Amino acid sequence: MNFELLLQLVINGLIIGTLYGVVGMCFVLIYKASQIVNFAQGEFLLIGAWVCWWILTQFHLPFYAGFLLTLLFMMVFGILLQVLVLRPMIGEPIISVIMVTIGLSIFFQAIMNWMFGVFVQPFPPIFETKSVDIFGLNVQPAYLMSLVISIIIMGGFAWFFKYSRMGLAMRATAFNQQVAQSLGISIKQVFAASWAISAMVSALAGVVVGMVNGVSSALSFFGIKVFPAVILGGLDSVIGAVVGGLIIGVLENVAEYVDGQWLNVGNLYTIAPFYVLVIILMIRPYGLFGTEEIERV
Amino acid sequence: MAGHSMMRCGEFKTSYRADTTIFPTPWSRNFAIIGVALLIVAPYLPFVSDYMITLMIQIGYLSIAALGLNILVGFTGQISLGHAAFFGFGAFASAWLNNELGIPVFFSIPLAALWTTAVGMIVGIPAGRIKGLYLAIATLASQFILEDFFARAEWFTGGSAGSLAAPFSLFGFEIYGDRQYFYVVLAYMVVMYLLATNLLRSRDGRAFVAVRDHYLSAEVMGVNLTKYRILSFGVSSFYAGIGGALYAHYLQYVSVEGFDILLSIQFLAMVIIGGLGSVMGALLGTIFMVLLPEVMQGAVGILKTTEWGNIPAITDGLTWIKQAAIGLAIVLFLIFEPEGLAHRWRMIKAYWKLYPFSY
């Protein structure tokens, strides 16, 4: 037993887990507001990271300016996507909606690969120090920043849904569209806003991951990794997404530890969350915090 | 089936038997026979190049797998994002049965398909409890799990080296070359398509459609939901297994890398572009999806001869252009033609049937 390694892996898992949580929240946001399962969530990260990288390397802007421009771009992008592609799909069967987002996902993946190539591109360095020493563990500052940003986003989401007008409108829409509409909430605006926010926050997560690992097409796999997290937490629960993200993040690192120490099967890191996913779907498909669907005849 | 809805004057169905024939009209049967006859002579026609034969074989084995997916998605209303894994399983299973147990290829193909059926039914067990998007996510997980299994199970797949598959042989008579293998694929296609049409007019087929249209009513009417959902997975994997096995013995080499999520999405795209819930649609969609990259390649080839040809982004990015075209085709079809090519085909037929008085 190597406790130091295990501890390091658990800390890594928690940090990655908060990122899963953030992306999961974006996913849940879209699902709650518009009942769309967004298979293109990972591509939001990918596009955000590439756009930010492109702005920073092409125009040599300071980081915050490039980052704000990226957020602006992603906002427009999210709204356009909702208006042009997903609005016509309202009322279509669920398979069509799922397939549209899958189609979008492989389209954007291909376009990004085409424009920026398949090789990993390092982000321009933002922090001077290589690693920070916390309780005797080496942690990269970008990771620390991601942790801080993630917690800020989570707090922001909590505030947004609890106190802001748009957040309340979103919750009302998620609860009952017709009632919300009759109370003067514009469903169109709510849908567009949910996609815009989701795209922006995902892009933020993409930039953070890009800073640590470099930007590459591997980022879009985050969008698939987020499924175990949101299913575990419950598809329509924002808190569930965060909890699920943390659990999956720790779980995959512990799986890697178990794998490396005893099993030596390899690749358990990637595949363990999917086993968990199948088990949860069999036992408790609505997850830890989700609402159970009860069907009556 | 929707094909029956548009009838010409004087065609009256007076019995259920007449209403549920495989071919709705005598001429649709004749056209099918003529089509198969044309395909039989196709390899010997002078203008059919080797490359066209390759494409036709590709369309053949892919359309068998796509038909299986259409039975699952189009007729039973279950979403599967793991079809490529079953396709791959069929390919490896047939190669393994032939290499390790010495079963002749002629028998190993259906045996591999049966084996795939068993795997498909195991993977389909969650379908007894969950549906819709939860099922889509569960099948997505099984796609990754099976892919991981392929990479790991060296005894079965040969690991990263892949596995070799023997050429097709029939009673000691070996099949050489694409032109001969074309007939093998064609025979399988005819049999599998007839089987599917036949299945869909039986009690089981109607039960599938009932599960899709209104599962609560279906259950009330005495359709065992769990049984038919899992059975549908089984049938669809059987088709995928046949398709995969034909693919394996065509290429005679199976690599662990080809059966990824992108291929699963391509299968779904074939079904959606062709038309959900249409046997003909599976074929049309496969033809579309096989020819789309070819058309893109041709378009880039033409661009190269013009002044645009100097732009390296267009000439070098062909792989990505093809992939983007697939994604775009899915999105555009779902927005503008959600019922697929089969629906368009029916509209064209109806137009000419009723010409010039279309109303």
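Predicted model, so just to flag it, every value in this text is computed and none were measured.

Student: Hey, could you run me through the nonpolar core in this one?
Tutor: For soluble globular proteins, the rule of thumb is that nonpolar side chains tend to be buried together. Counting residues in each nonpolar core, the largest one holds 211 residues, and the members touching the most others are A:F39, B:F87, B:Y181, B:L246 and B:F259. Residues in contact with A:F39, not counting those within four places in the same chain, are A:I98, A:T101, A:I102, A:S105, A:F227, B:L81, B:I137 and B:L140.

Student: What exactly am I supposed to notice about helix α5 (residues 141-163) of chain A here?
Tutor: Given 3.6 residues per helical turn, the α-helix brings residues three or four places apart onto the same face. Along its 23 residues, α5(A) runs 32 Å from first to last C-alpha, staying within 8% of the 33 Å computed at 1.5 Å per residue. Taken together, the buried positions of α5(A) are A:P141, A:A142, A:Y143, A:M145, A:S146, A:S150, A:I153, A:M154, A:F157, A:F160 and A:F161.

Student: Mind showing me how you'd approach the environment of A:A193 here?
Tutor: Residues and elements named next belong to chain A. Along the polypeptide, A193 turns up in helix α8 (residues 187-213). Residue classification places A193 among the buried positions, given a relative accessible area of 16%. Residues A193 and M170, 23 residues apart in the sequence, show an inter-C-alpha distance of 8.9 Å. Those residues within four positions of A193 in sequence are excluded, and the remaining contacts are M166 and M170.

Student: Explanation requested: a nonpolar patch on the surface in the structure shown.
Tutor: Residues and elements named next belong to chain A. Together, W54, F59, L61, L69, L72, M75, V76, I79, L80, V83 and L84 make up a nonpolar patch on the protein surface, roughly 940 Å² of accessible area in all. Those elements giving two or more residues to the nonpolar patch turn out to be α2 (41-59) and α3 (63-86). With 8 residues, the top contributor of residues to the nonpolar patch is α3. Examined against the element boundaries, V76 turns out to sit in helix α3.

Student: Sorry, what's going on with the packing of aromatic side chains here?
Tutor: Describing an aromatic ring pair means giving the distance of the ring centres and the angle of the ring planes. All names here are of chain B. Tallied over the full model, the rule gives 47 aromatic pairs over all chains. Geometrically, the ring pair formed by W115 and F156 is edge-to-face, given 5.4 Å between the ring centres and 70° between the ring planes. Highlighted residues: W115 in helix α5 (residues 105-123) and F156 in helix α7 (residues 154-157), separated in sequence by 41 residues. Owing to a relative accessible area of 3%, F156 belongs among the buried residues under this scheme. Directly above the ring of Y215 sits R229, whose terminal nitrogen or CZ lies 5.5 Å from the centroid.

Student: Whenever I open this one, unusual backbone geometry confuses me. Can you help?
Tutor: Negative phi is the rule for most residues except glycine; trans is the rule for most peptide bonds. One non-glycine residue, A:Q35, adopts positive backbone phi at about 60°. Here A:Q35 is to be found in the loop between α1 (3-34) and α2. The phi torsion at B:Q252 lies on the positive side, around 60°, for a residue other than glycine. Inspection of the secondary structure puts B:Q252 in the loop between α11 (225-251) and β4 (253-254).

Student: Help me understand the interface of chain A and chain B in this model?
Tutor: Often, the extent of an interface is quoted as the loss of accessible area on bringing the components together. Each partner contributes residues to the interface: chain A has 48 residues there, and chain B has 42 residues. Contact between chain A and chain B buries roughly 3900 Å² in total, counting both sides, with carbon and sulfur atoms accounting for 81%. When the area that chain A buries against chain B is broken down by residue, the three leading residues are A:M99, A:I106 and A:W114, summing to 17%. Across the chain A-chain B interface, the total number found is 2 residue pairs in polar contact (both at pLDDT 80 or more). The element best represented in the side of chain A that touches chain B is helix α4 (residues 94-116) of chain A, accounting for 16 residues.

Student: How do you make sense of the pattern of salt bridges when you look at a structure like this?
Tutor: If the charged atoms of two oppositely charged side chains come close together, the side chains can form a pair. Residues and elements named next belong to chain B. Applying the stated rule across the entire model yields 5 salt bridges over all chains. When the shortest N-O distance is used, the salt bridge between R179 and D50 registers 2.6 Å. Note that R179 is positioned in helix α8 (residues 177-200) and D50 in helix α3 (residues 50-75), a separation of 129 residues in sequence. The exposure class of R179 is partly exposed, given its relative accessible area of 27%. Given the relative accessible area of 54%, D50 is considered exposed.

Student: Is there a simple way to explain the environment of A:L288 in this structure?
Tutor: Within the secondary structure, A:L288 sits in the segment after α11 (268-283). It is 6.7 Å that separates the C-alpha atoms of A:L288 and A:G240, two residues lying 48 residues apart in sequence.

Definitions and limits used
Residues numbered from 1 in each chain as written. Chains lettered and ligands numbered in written order. Predicted model: local features only at pLDDT ≥ 70, side-chain atom pairs only at ≥ 80, totals over all residues. Heavy atoms only, no water. Core = buried A, V, L, I, M, F, W, Y, C linked by side-chain atoms within 4.5 Å. Buried < 20%, exposed > 50% of the residue type's maximum accessible area, 1.4 Å probe, protein only. Contact = heavy atoms within 4.5 Å. Helix = DSSP H or I, 4+ residues; strand = E, 2+ residues; numbered from the N terminus. Expected span 1.5 Å × (residues − 1). Patch = residues over 30% accessible without salt bridge, like charges linked within 9 Å, V, L, I, M, F, W, Y side chains within 5 Å. Areas by Shrake-Rupley, 256 points an atom, 1.4 Å probe, with all protein chains shown as cover. Salt bridge = Lys/Arg side-chain N within 4 Å of Asp/Glu carboxyl O. Phe/Tyr/Trp six-rings, centres within 6.5 Å; stacked < 30°, edge-to-face > 60°. Lys NZ or Arg CZ within 6 Å of the ring centre and 35° of its normal. Buried area = accessible area lost by both parts, 1.4 Å probe. Polar contact = N/O pair within 3.5 Å; in protein donor to acceptor, adjacent residues only side chain to side chain.

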